[in-house]
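# An overview of the molecular structure
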Amino acid sequence: MNKPNTRPANPHFSSGPCAKRPGWSPEVLSEALLGRSHRAPEGKARLGAVIDMSKSLLGLPQDYRLGIVPASDTGAVEMALWSLLGPRGVQMLAWESFGSTWVADVLKQLKLPDVTVLEAEYGDLPDLSAVDFSRDVVFTWNGTTSGVKVPNGDWIPDDREGLAICDATSAAFAMDLPWDKLDVVTWSWQKVLGGEAQHGMLALSPRAVARLESHTPPWPMPKLFRMTKGGKLIEDIFEGETINTPSMLCVEDALDGLAWAEQVGGLKGLIARSEGNLEAVATWVDAHDGVEFLAKDPATRSNTAICLRLTAPWITAQPDGGAKVAKRVAALVAAENVALDIASYRDAPAGLRIWGGATVERSDIEALLPWIDWAVDQVRAELG
């Protein structure tokens, strides 16, 4: 097979950090508040703007708090687990790498005595009808390493007794989150809006705030995790006064991404762009016998972390099940500067992972796909 004639204008398809918005350049950072304190009025105003614009775009209820916290989505999730868990039993859901990480944290680090775990293999969801909301429930909305998302929030009851704690880092700004069903939601700047890493976002419902103010964890709490003082929420955290020093360069970049999101139609526009990318991949998959989505149920296919398996018989017949073939395909398209970082996550089944978030143009996805065909053909020729 000859090389395709068209190349993606942007070869960045990494699932995190993700592609910058179309038209981005370093010039958008020229007004960054560098060399100034983030606690100065101007710095606090910029941090507050990130919070206010995010709340507006996402449609957060007015009584939800939203704060900027350290250490990306990971830090935000850890803050929630360390600060909120303990008063009642916990149910953990896991169907990919990051959900499994939160299970390990709760079992091995916090060592809570009453924990149940609902797990599923890559490609599936656990039985959501079996979730017990008399407990606190911890889950990812979108499995970044499996390409499997929960299809909706219908399985979460309005009259739940426990808290619904949701890691939404690959879902926020790309999927319609039912905020009234979620008590804690976390994400980072480095995903759907293509921001820089190391800063997380933590949203709290009134129920979550009440838990924070009524529960004192029995374990030592690092300063980076502390959200209360004297039994009351530290409101400043949710008004732009961060726990530790943020990067004002990253803050400026986040503001640029949020402004672009408003220009492309807000949340509806962002979701439409991402779903269009999934549609392009689905059309290509439907035309092939040798590639499948890792997600078994079409209703659970992620429109951001699009995970694929190479299933041609000559590939699956390889001694390693095709792992080396998939890695070689990813290496070939990277060497051509067509698609960078599309190998599957290291703990996931062998295959490809294409980021389809809103900052990726559908035309670039469509230009990439014939190159995957070319690369598969090249690998088959190499193997004889």
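Source: prediction; values computed, not measured.

## Some words on the environment of Phe-139
Summarising the element assignment, Phe-139 is placed in strand 4 (residues 136–140). On the basis of relative accessible area, Phe-139 is assigned to the buried category, the value being 1%. For the pair Phe-139 and Trp-24, spaced 115 residues apart in sequence, the C-alpha to C-alpha distance is 33 Å.

## Concerning the packing of aromatic side chains
Two aromatic rings are characterised by how far apart their centres lie and by the angle between their planes. For the structure on display, the rule yields eight aromatic pairs. Centre to centre, the rings of Trp-371 and Trp-374 are 5.5 Å apart; their planes meet at 75°, and the pair counts as edge-to-face. Here Trp-371 pairs with Trp-374, and both are found in helix 9 (residues 362–383), just three residues apart, close to one helical turn. Considered together, Trp-371 and Trp-374 belong to a single accessibility category, that of buried residues. Over the aromatic face of Trp-24 sits the side chain of Lys-20, whose NZ or CZ is 4.9 Å from the ring centroid.

## Comments concerning the sheet that holds strand 9 (residues 199–204)
One open sheet accounts for seven strands, arranged 1-9-8-7-4-2-3; its pairing is mixed. In this open sheet, the two strands that pair with only one neighbour each are strand 1 (65–70) and strand 3 (115–119). Sheet twist, expressed as the average angle between the axes of neighbouring strands with direction ignored, equals 20°. Across six bridges, the pairing between strand 1 and strand 9 is antiparallel. Paired with Arg-65 across the strands is Leu-204, a residue of strand 9.

## Focus: the packing of helix 8 (residues 323–335) against helix 9
For the pair helix 8 and helix 9, the least separation of the axes is 9 Å and the interaxial angle reads 125°. In terms of axis orientation, helix 8 runs oblique to helix 9. Helix-helix and strand crossings are classified by hand; for helix 8 and helix 9 the assignment is right-handed. For the pair formed by helix 8 and helix 9, the contact residues are Val-325, Arg-328, Val-329, Leu-332 and Val-333 on the first element and Trp-371, Ile-372, Trp-374, Ala-375, Val-376, Gln-378, Val-379, Glu-382 and Leu-383 on the second. Looking at the contact of helix 8 with helix 9, its residues break down into eleven nonpolar, one polar and two charged.

## Description of helix 8
Taking 1.5 Å of rise per residue, 13 residues should cover 18 Å, and helix 8 covers 18 Å from first to last C-alpha, within 8% of that figure. All of the buried residues along helix 8 are Val-325, Ala-326, Val-329, Ala-330, Leu-332 and Val-333. Take helix 8 and look down its axis: the buried residues cluster within an arc of 160°, on one side only. Seen from the buried face of helix 8, the exposed residues on the opposite side, beyond 90 degrees, are Lys-324, Lys-327 and Ala-335. Turning to helix 8, the residues buried within the fold contact strand 13 (305–310), helix 7 (313–316), strand 14 (352–355) and helix 9. Backbone geometry just after helix 8 places Asn-337 at a positive phi near 55°.

## A look at the environment of Leu-110
Tracing the chain through its elements places Leu-110 in helix 3 (residues 97–110). Along the chain, Leu-110 and Trp-219 lie 109 residues apart, while their C-alpha atoms are 8.1 Å from each other. Residues within four places of Leu-110 in sequence aside, it is in contact with Leu-81, Trp-82, Leu-85, Asp-105 and Trp-219.

## Description of the packing of helix 1 (residues 41–58) against helix 5 (residues 248–263)
Running from N to C, helix 1 and helix 5 cross one another at 30°; their axes reach a closest spacing of 10 Å. Between helix 1 and helix 5 lies a crossing whose hand is left-handed. On helix 5, the residues that touch Gly-43, Arg-46, Leu-47, Ala-49, Val-50, Met-53, Ser-54 and Leu-57 of helix 1 are Met-248, Val-251, Glu-252, Ala-254, Leu-255, Leu-258, Ala-259, Ala-261 and Glu-262. A breakdown of the residues in the contact of helix 1 with helix 5 according to their chemical character gives twelve nonpolar, two polar and three charged.

What counts and what doesn't
- Residues numbered from 1 in each chain as written.
- Predicted model: local features only at pLDDT ≥ 70, side-chain atom pairs only at ≥ 80, totals over all residues.
- Heavy atoms only, no water.
- Helix = DSSP H or I, 4+ residues; strand = E, 2+ residues; numbered from the N terminus.
- Buried < 20%, exposed > 50% of the residue type's maximum accessible area, 1.4 Å probe, protein only.
- Phe/Tyr/Trp six-rings, centres within 6.5 Å; stacked < 30°, edge-to-face > 60°.
- Lys NZ or Arg CZ within 6 Å of the ring centre and 35° of its normal.
- Pairing = 2+ DSSP bridges.
- Axes fitted to C-alpha atoms, helices over the stretch in contact; angles between N-to-C directions.
- Parallel < 35°, antiparallel > 145°, perpendicular 65-115°, else oblique.
- Left-handed = near helix turned anticlockwise from the far one by under 90°.
- Contact = heavy atoms within 4.5 Å.
- Nonpolar A, V, L, I, M, F, W, Y, C, P; charged D, E, K, R; others polar.
- Expected span 1.5 Å × (residues − 1).
- Arc of directions from axis to C-beta.

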